[in-house]
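# Per-entry structural report
So you can see what is in the structure, the chains are spelled out below.
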Amino acid sequence: MSFAFDSFLSEPARARSGQPFTGLPPYHFVGGNIDEPTVPADALAEAVARVIREEGHSMGKYGMDGGPQGYLPLREEICTILERRTGITARRDEVLITSGSLQAMDLVNRALLDAGDVVLLEDANYMGAIAKLRALGVTPHPIALDGEGMRMDALEEALETLAREGRKPKFIYTIPTIQNPTGTIMPEARRREMLALARKFDVPIFEDDCYADLVFSGERPPAIHALDDEDRVIYCGTFSKTIAPALRLGYLVAPWPLMGHILPLKTDAGTGALAQMALAEYLPGHYETHVATLLPMLRDKADALCDALDEHFGAAAQYDRPAGGIYLWVTLPDAVDTDRLFQAALEQGIEINPGAEWSVNSSENRHRMRICFGHPPIPVIREGIARLAEICHAEFGVPLRSGNIARD
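In short, a report on the structure.

### Quick look at the sheet that holds strand β10 (residues 250-253)
Sheet architecture is open: seven strands sit in the order β2-β10-β9-β8-β7-β3-β4, paired in mixed fashion. The open sheet is flanked by β2 (95-98) and β4 (139-143), the only strands paired with a single partner. Going from strand to strand, the sheet's axes swing by 20° on average, the running direction of each strand aside. With three bridges joining them, strand β7 (residues 171-174) and strand β8 (residues 205-208) adopt parallel strand pairing. Directly across from Ile172, in β8, lies its bridge partner Ile205. Along the sheet face, helix α6 (residues 152-164) touches β3 (118-122), β4 and β7 and points at about 170° away from the line of β3.

### Side note on the environment of Leu332
Along the chain, Leu332 turns up in the loop between β11 (327-331) and α12 (338-346). Overall, Leu332 belongs to the buried group, its relative accessible area being 3%. If we ignore the near neighbours within four places in the chain, the residues touching Leu332 are Phe313, Ala316, Ala317, Thr338, Leu341, His367 and Met369.

### A short note on the sheet that holds strand β14 (residues 368-372)
Strand pairing in a sheet relies on backbone hydrogen bonds. The paired strands run either parallel or antiparallel. Read from one edge to the other, the open sheet built from three strands follows the order β11-β14-β13, with strand pairing classed as antiparallel. Across the chains shown, the open sheet's two edge strands, defined by having one partner strand only, are β11 and β13 (353-354). Note: β11 against β14, five bridges, orientation antiparallel. Opposite Leu328, over in β14, you have Ile371 as the bridge partner. The strands touched by helix α11 (residues 287-312) within the sheet are β11 and β14, with β11 carrying the most contacts at an inclination of about 20°.

### Notes on a nonpolar patch on the surface
Among the surface-exposed residues, Phe3, Phe5, Phe8 and Leu9 lie close enough to one another that they form a single nonpolar patch of about 470 Å² accessible area. For Leu9, the location among the structural elements is in the segment before α1 (11-15). Leu9 gets classed as partly exposed once you look at its relative accessible area, which sits at 34%.

### Digging into the side chain of Asp208
Its location among the elements puts Asp208 in strand β8. For the buried residue Asp208, which engages in no salt bridge, the nearest side chain bearing the opposite charge is Lys241, 8.5 Å off. At 3.3 Å, the side chain of Asp208 forms a polar contact with the backbone nitrogen of Cys210. Excluding residues that lie within four positions of it along the chain, Asp208 makes contacts with Met105, Tyr173, Thr174, Ile175, Pro176 and Cys236.

### Here we look at unusual backbone geometry
Cis geometry marks the peptide bond from Asn180 to Pro181; its omega dihedral reads 20°. Residues other than glycine seldom take positive phi values, yet Ile178 does so here, at roughly 60°. By the secondary structure assignment, Ile178 is in the loop between β7 and α7 (188-201). The backbone phi angle of Asp231 is positive, close to 55°, even though this residue is not glycine. Note on placement: Asp231 falls in the loop between α8 (224-227) and β9 (233-238). Assessed through its relative accessible area of 54%, Asp231 is described here as exposed.

### Re the layout of surface pockets
Reported here for the largest pocket is a volume of approximately 1,100 Å³. What lines the largest pocket is a set of 42 residues, and nearest its centre among them are Gly31, Gly32, Tyr126, Met127 and Trp358. Contributions of two or more residues to the lining of the largest pocket are made by α4 (100-112), α5 (127-135) and β13. No other element matches α4, which puts four residues into the lining of the largest pocket. Each residue belonging to the lining of the largest pocket can be placed in one class, and the counts come to 20 nonpolar, 15 polar and seven charged. Estimates place the volume of the second largest pocket at around 340 Å³. Residue lining of the second largest pocket: 16 residues in total, with Ala124, Leu145, Thr182, Trp329 and Arg368 positioned closest to the centre. Contributing elements (two or more residues each) for the lining of the second largest pocket: β5 (145-146) and β11.

### Re empty space enclosed by the protein
With the rule as written, the count across this model stands at three cavities of 30 Å³ or more. Taken together, 16 residues form the lining of the largest cavity, with Asp209, Asp213, Thr238, Tyr251 and Tyr287 sitting closest to its centre. Contributing elements (two or more residues each) for the lining of the largest cavity: α3 (72-85) and β9.

### Brief notes about the packing of α4 against α5
Contact pair α4 / α5: the axes reach a minimum separation of 11 Å and the direction vectors enclose 30°. When the interaxial angle is binned, α4 and α5 end up roughly parallel. Taken as a pair, α4 and α5 cross one another with a handedness that is right-handed. Seen from α4, the contacting residues are Leu102, Met105, Asp106 and Asn109; seen from α5, they are Ala129, Lys132 and Leu133. Residue composition of the contact of α4 with α5, grouped by class: four nonpolar, one polar and two charged.

About the thresholds
- Residues numbered from 1 in each chain as written.
- Predicted model: local features only at pLDDT ≥ 70, side-chain atom pairs only at ≥ 80, totals over all residues.
- Heavy atoms only, no water.
- Pairing = 2+ DSSP bridges.
- Helix = DSSP H or I, 4+ residues; strand = E, 2+ residues; numbered from the N terminus.
- Axes fitted to C-alpha atoms, helices over the stretch in contact; angles between N-to-C directions.
- Contact = heavy atoms within 4.5 Å.
- Buried < 20%, exposed > 50% of the residue type's maximum accessible area, 1.4 Å probe, protein only.
- Patch = residues over 30% accessible without salt bridge, like charges linked within 9 Å, V, L, I, M, F, W, Y side chains within 5 Å.
- Areas by Shrake-Rupley, 256 points an atom, 1.4 Å probe, with all protein chains shown as cover.
- Salt bridge = Lys/Arg side-chain N within 4 Å of Asp/Glu carboxyl O.
- Lys, Arg positive; Asp, Glu negative; His and termini not counted.
- Polar contact = N/O pair within 3.5 Å; in protein donor to acceptor, adjacent residues only side chain to side chain.
- 1 Å grid on protein atoms, 1.4 Å probe; cavity = no way out; pocket = protein on both sides within 12 Å on 5 of 7 lines; lining within 4 Å.
- Points joined across faces, edges and corners; volume = space filled by probe spheres on them.
- Nonpolar A, V, L, I, M, F, W, Y, C, P; charged D, E, K, R; others polar.
- Parallel < 35°, antiparallel > 145°, perpendicular 65-115°, else oblique.
- Left-handed = near helix turned anticlockwise from the far one by under 90°.

Fair warning: the whole summary comes from geometry, so function is off the table for now.
Structural data, given as structure tokens:
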């Protein structure tokens, strides 16, 4: 007989329970997974071999020679990449290597938030960000979006309303470049307007820039952090969407003394050294070329997804064609409940993200879904969307037509 842990579980652990992993479904349209053949495995293997021969013995001490903020050559290379690609000028002591951007988010939340606080963020947003705020007892206050990201009139209205109530949000959380899940790109003028509002109401900004290197045109507005002259913006990025998610390497850029308050909260004795060393060896001379090869491949996948939706869902699926990234935010008729569609589709090997999970106002987004096109090959995308349309029609009677043929 196995020991029963149920009565010993904490409240958070008791509230949720995972299941053993049994593999990905055949049509996997969720998660931030990327196209597996694009992982530069050979070049990373060569980088590991070189760096471990030259510096492997330094792993005999926690933090090696870079201290708790991470491997120094990697932090220096991140500063170089940021200046070239985002306009950010950061010092290496303002960079903290994290185990993915999720850890960066956790550290900022722990440093700044208490139960009862308010955080402003786009209404449609990263499910993890919303869940983490709620788990801390923090209220996520949704701000409406349009085709250019978070609306500044809605942000100003929310700030004014909270000010009249004698409340101040702890920060504005935003994904301005390839917003998740909507894919919008905030123009520079609106970024400057956000900074002006943050200054007016004396609020910091937490800029999540995890998808910014995947703009299909190769051109992006400067980061909000790059436009900030008051050290008001905290910034995070990751190599999960460009190199490999399983490397678990992200980074946080924050000014001192805030960085000094964040460091003691990172109690994992340091992000894995070998991955940091390999990436620092690989990035110089490789990163720009690698990213450039990703963009046309991702654009082709996005086009294939849009074509499949047009063919099999027709006018029933509304979306804005992606300008980058690996996600598409799709609006279906109001009668479609994507929570129910998710369950029905999963039973037939198709996994999607229901819109309610990817928005603060979940009840208003139950007819939406997020589809990730980063991982599956184009033939899988085409076949999976065709099957999804069949399931959707069986459950909700839509779409009425597929490939200009009326459904029974």
